[in-house]
Amino acid sequence: MEDNMLRSAQRRITNMSAQLGKRVTNNVLSAQKRTKVLTVESMNPYIRVTEYAIRGSIAAKARQIEKELKEGKSYPFTEVIKANIGDCHATGQKPLTFLRQVVALCTYPELLNDPKFPTDAKQRAELILADCRGRSIGSYSKSAGVEIIRKHIAGYISKRDGGMPCDYSDVFVSTGASDGIKTILKLLMTGESGNKRAGVMIPIPQYPLYSATNSEYNAYQINYYLDEDNNWGLNIEELRRALNEARPNCIPRALVVINPGNPTGQVLTRKNIEDIIKFAHEERLFLLADEVLD
């Protein structure tokens, strides 16, 4: 009996050892096969092909050279002048004092009692704080933005456009121009692929946000070319050519117009603007007026 019990125990030990060995082996193999969940190869393919040239390899090289100049490395020049982006403050342009004062007062309201701040800045800060819950700019606002700020924006647009009415309820404040542009373009996508995807007309030369966003959203980029010989003017016939050539490849949904031009700097005439609006209306295109440099 004792021999039978011993043999039975040995068999159990052998089986347990075999199972344990198999488990260890499987775990090792699993660990060897395991890869990162998110890699360049597994990421969203539309993000992978997105390019944003103003922050690309040339800009990175410029930063490297700047660093080397500071460290004493010799080059046939003493500074790097960056022409890839309109970073005004980085090139020495002074910020508007009034805006900085209002932001400071809204951020730290105790400064409202400081005599060094001018009365007009204090009055503007009071207006803004009074329209914020708890008199704090850190409180949640409506999705479209703080109401009094939207009213001020509408008033500016109306004054700029010669008295044309602008309803503040049509004003949506975004966290920067890029975010606003991407939000609108996202609304215009069809959710389809191939020749059913949305087409977006953009000027060439262009600000690379548009081509990058088109890639990210899998939209079809419809290039229309500005006339360099005519001070980078926008020709309606060129718009029509670009649109007609693109129709077999997409469903045209939007026309982007950058005025003043970025990076070309041209300003459209009133007649040009009127013709563009008529063209967009005739072709049922959503018109995006990029006036960031206005």
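Our subject in this report is the structure included herewith. Numbers given for residues are sequential positions, taken from 1 along each chain in its written order. With the structure being a predicted model, the display of local features is reserved for residues of pLDDT at least 70 and the display and counting of side-chain atom pairs for 80 or more, all residues being used for whole-chain, interface and lining totals. Based on all heavy atoms of the structure, the side-chain values leave hydrogens and waters out of the count.

## Re the overall build of the chain
- What counts as a helix is a DSSP run of H or I of at least four residues, what counts as a strand is a run of E of at least two, and both are numbered from the N terminus. A tally of helices and strands in the chain yields 10 helices and 4 strands.
- Ordered by position in the sequence, the α and β elements of the chain form the string α-α-α-α-α-α-α-β-α-β-α-β-α-β.
- In this scheme, a residue with accessible area under 20% of its type's maximum is buried, one over 50% is exposed, and one in between is partly exposed, where area comes from a 1.4 Å probe on protein chains only. Here the chain, with 294 residues, has 28% of them falling under the buried criterion.
- It only takes one pair of heavy atoms within 4.5 Å for two residues to be counted as in contact. Look at the contacts in the chain between residues 6 or more apart in sequence, and 50% of them connect residues 24 or more apart.
- Exposure was quantified through the Shrake-Rupley algorithm and a 1.4 Å probe, taking into account, for residues, occlusion by the shown protein chains and nothing else. By element, 54% of the accessible surface of the chain is carried by carbon and sulfur atoms, the whole surface being about 20600 Å².

## Describing the sheet that holds strand β4 (residues 286-290)
- Note on pairing: two strands pair once DSSP finds at least 2 bridges between them. Taken together, the 4 strands give an open sheet; going across it, the order is β2-β1-β3-β4, and neighbouring strands pair in parallel fashion. Both outer strands of the open sheet, β2 (220-225) and β4, are each paired with one neighbouring strand and no more. Averaged over all adjacent pairs, the angle separating strand axes in this sheet is 25°, with direction ignored.
- Where strand β1 (residues 198-204) lies against β2, 6 bridges are found, and the strand directions are parallel. Bridge pairing in β2 links Gly-199 to Tyr-220.
- Seen against the sheet, helix α7 (residues 177-188) touches β1, β3 (251-258) and β4 and runs at an angle of roughly 170° to β4. Here an angle of 0 to 180 degrees is reported between the N-to-C directions of two axes, which are lines fitted to C-alpha atoms, with helices fitted over the stretch in contact.

## As for the packing of helix α9 (residues 236-246) against helix α10 (residues 270-282)
- Orientation of α9 relative to α10, taken along the N-to-C sense of each, is 25°, at an axis distance of 10 Å. The orientation of α9 relative to α10 falls into the category roughly parallel. Judged by the twist between their axes, the crossing of α9 over α10 is right-handed. On the side of α9, the interface is formed by Ile-236, Leu-239, Arg-240 and Leu-243, while α10 contributes Asp-275, Ile-276, Phe-279 and Glu-282.
- The classification used treats Ala, Val, Leu, Ile, Met, Phe, Trp, Tyr, Cys and Pro as nonpolar, Asp, Glu, Lys and Arg as charged, and all other residues, Gly among them, as polar. A breakdown of the residues in the contact of α9 with α10 according to their chemical character gives 5 nonpolar, no polar and 3 charged. Each angle receives one of four descriptions, namely roughly parallel if under 35 degrees, roughly antiparallel if over 145, roughly perpendicular if within 65 to 115, and oblique otherwise. For any pair of crossing helices, the crossing counts as left-handed if the nearer helix is rotated counterclockwise from the farther one by less than a right angle, and right-handed if it is rotated clockwise.

## A short note on empty space enclosed by the protein
- For cavity detection a 1 Å grid was placed over the protein atoms alone, and a set of points counts as a cavity when a 1.4 Å probe fits there but cannot get out; an open set counts as a pocket when protein lies on both sides within 12 Å along at least five of seven lines, with lining residues being those that have an atom within 4 Å of a point. Grid points are joined across faces, edges and corners, and a volume is the space filled by probe spheres set on the points. Applying the stated criterion across every chain, the model contains 1 cavity of 30 Å³ or more.
- Roughly 50 Å³ of internal volume is contained in the largest cavity.
- Taken together, Pro-203, Pro-205, Tyr-224, Leu-226, Leu-234, Val-257, Ile-258, Gly-261, Asn-262, Thr-264, Gln-266 and Leu-268 make up the full set of residues lining the largest cavity.

## Thoughts on the nonpolar core
- In this description, a nonpolar core means a group of buried Ala, Val, Leu, Ile, Met, Phe, Trp, Tyr and Cys residues linked to one another through side-chain atoms lying within 4.5 Å. In terms of nonpolar packing, the biggest core is built from 18 residues, with Met-201, Tyr-224, Leu-234, Leu-239, Leu-255 and Phe-279 touching the most fellow members.
- Elements with a contribution of two residues or more to this core: β2, α9, β3 and α10.
- Among the elements that make up this core, the one with the highest residue count is α9 (5 residues).
- For Phe-279, the residues in contact, after removing those within four places along its chain, are Met-201, Ile-236, Leu-239, Arg-240, Leu-243, Leu-255 and Leu-285.
- In terms of nonpolar packing, the next biggest core, distinct from the first, is built from 16 residues, Leu-188, Ala-198, Leu-209 and Ala-219 among them.

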